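One-letter residues, chain by chain:
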Amino acid sequence: MESKVSEGGLNVTLTIRLLMHGKEVGSIIGKKGETVKKMREESGARINISEGNCPERIVTITGPTDAIFKAFAMIAYKFEEDIINSMSNSTATSKPPVTLRLVVPASQCGSLIGKGGSKIKEIRESTGAQVQVAGDMLPNSTERAVTISGTPDAIIQCVKQICVVMLESPPKGATIPYRPKPASAPVIFAGGQVRADPLGASTANLSLLLQHQPLPAYSIQGQYAIPHPDVWMPVPRQVLMNSPYQMI
């Protein structure tokens, strides 16, 4: 099975999720979307980028294994090109590795690590790539980040082996996907109203507001209170007086 997958011979549809910073996303989108359009056409994979004004975005790649490998190769070589271009304007003498971050269901990470770390060690040694599995799950999800660093060729071989593990060890139970959050916080207006950013406020600040606000403005998800978007709410003056937010 491993050799077939490595050669792109299995017609199995997979979905791989990548976590990228805004600058990385801009690089693969390209001017007027030309770069990502070319990647889609040449790889045959579906490449979707999450919406939102977030510091991080999710890039989802779906398709047969060979299409996924082609898409990863194009992304890895594009990032290497960006590194080379950035070095031309710097004094750095050694080229940093290309780094990609996969988002993997936590239930599959045990298989990826292997007993006593045997599987991840095997992947590192056979591909030459550095692979790190985060110990903690990403916020409000049941997924972990898996960071891969190395040359584009090493990364491609590493992704192939990770795909083998994911095919052989499907996720157990329901997966709560990681959704990046905007960096901005709520803004309280002098008229006593707040426009709560649905994802940016801390749990502590939401708890403060919840003491004085009607509950229907929020939906409770586990231990988190998430404000509905575009909800405007009056805030008592005593809350405003103690608020850390800017008055405008």
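The structure we're discussing is the one just above.
Attention here is on the structure that accompanies the text. Quick caveat, the model's predicted, so the values are computed rather than measured.

1. A look at the side chain of serine 149
The topology assignment puts serine 149 in strand β6 (residues 143–150). Exposure remark for serine 149: the relative accessible area of 15% places this residue in the buried category. At a separation of 3.0 Å, a polar atom in the side chain of serine 149 contacts the side chain of threonine 99. Ignoring any residue separated from it by four or fewer positions in sequence, one finds serine 149 in contact with Pro97, Val98, Thr99, Ala129, Gln130 and Ile155.

2. Structural notes on the pairing of strand β2 (residues 46–49)
Residues of β2 alternate between two faces, with Ile47 and Ile49 buried on one and Arg46 and Asn48 left unburied on the opposite face. As defined by bridge partners, β2 adjoins strand β3 (residues 56–64) across 4 bridges and the pair is classed as antiparallel. Residue pairing for β3: asparagine 48 is matched across the bridge by threonine 60. Linkage of β2 to β3, two consecutive antiparallel strands, is achieved through a turn of 6 residues, within which glycine 52 is found at a positive phi near 115 degrees.

3. Concerning the packing of helix α3 (residues 34–43) against helix α4 (residues 65–87)
Put simply, α3 and α4 touch, their axes get as near as 9 Å, and they point 145 degrees apart. Crossing handedness for the pair α3 and α4: right-handed. Across the interface between the two elements, Thr35, Lys38, Met39, Glu42 and Ser43 from α3 touch Ala67, Lys70, Ala71, Met74, Ile75 and Lys78 from α4. Across the contact of α3 with α4, the residue classes break down as 5 nonpolar, 2 polar and 4 charged.

4. Section: the pairing of strand β4 (residues 98–105)
The element β4 is extensively covered by neighbouring structure, given that 7 of its 8 residues are classed as buried. Here β4 pairs with β6 via 8 bridges, running antiparallel. If you follow threonine 99 over to β6, its bridge partner there is serine 149.

5. Details of the sheet that holds β6
Strand order in the open sheet formed by 6 strands is β2-β3-β1-β4-β6-β5, and the pairing between neighbours is antiparallel. Edge positions in the sheet fall to β2 and β5 (130–133), since each of these pairs with one other strand and no more. Across the sheet, the mean angle separating the axes of adjacent strands is 25 degrees when strand polarity is ignored. Relative to β4, helix α5 (residues 106–113) is tilted by about 120 degrees, and along the sheet it contacts β4, β5 and β6.

6. So, the state of the cysteines
Following the criterion strictly, the structure yields 0 disulfides and no others. Counting only cysteine sulfurs, cysteine 163 is the nearest neighbor of cysteine 158, a cysteine outside any disulfide, at a range of 9.8 Å.

Thresholds, definitions, all that
Residues numbered from 1 in each chain as written. Predicted model: local features only at pLDDT ≥ 70, side-chain atom pairs only at ≥ 80, totals over all residues. Heavy atoms only, no water. Helix = DSSP H or I, 4+ residues; strand = E, 2+ residues; numbered from the N terminus. Buried < 20%, exposed > 50% of the residue type's maximum accessible area, 1.4 Å probe, protein only. Polar contact = N/O pair within 3.5 Å; in protein donor to acceptor, adjacent residues only side chain to side chain. Contact = heavy atoms within 4.5 Å. Pairing = 2+ DSSP bridges. Axes fitted to C-alpha atoms, helices over the stretch in contact; angles between N-to-C directions. Left-handed = near helix turned anticlockwise from the far one by under 90°. Nonpolar A, V, L, I, M, F, W, Y, C, P; charged D, E, K, R; others polar. Disulfide = S-S within 2.5 Å.

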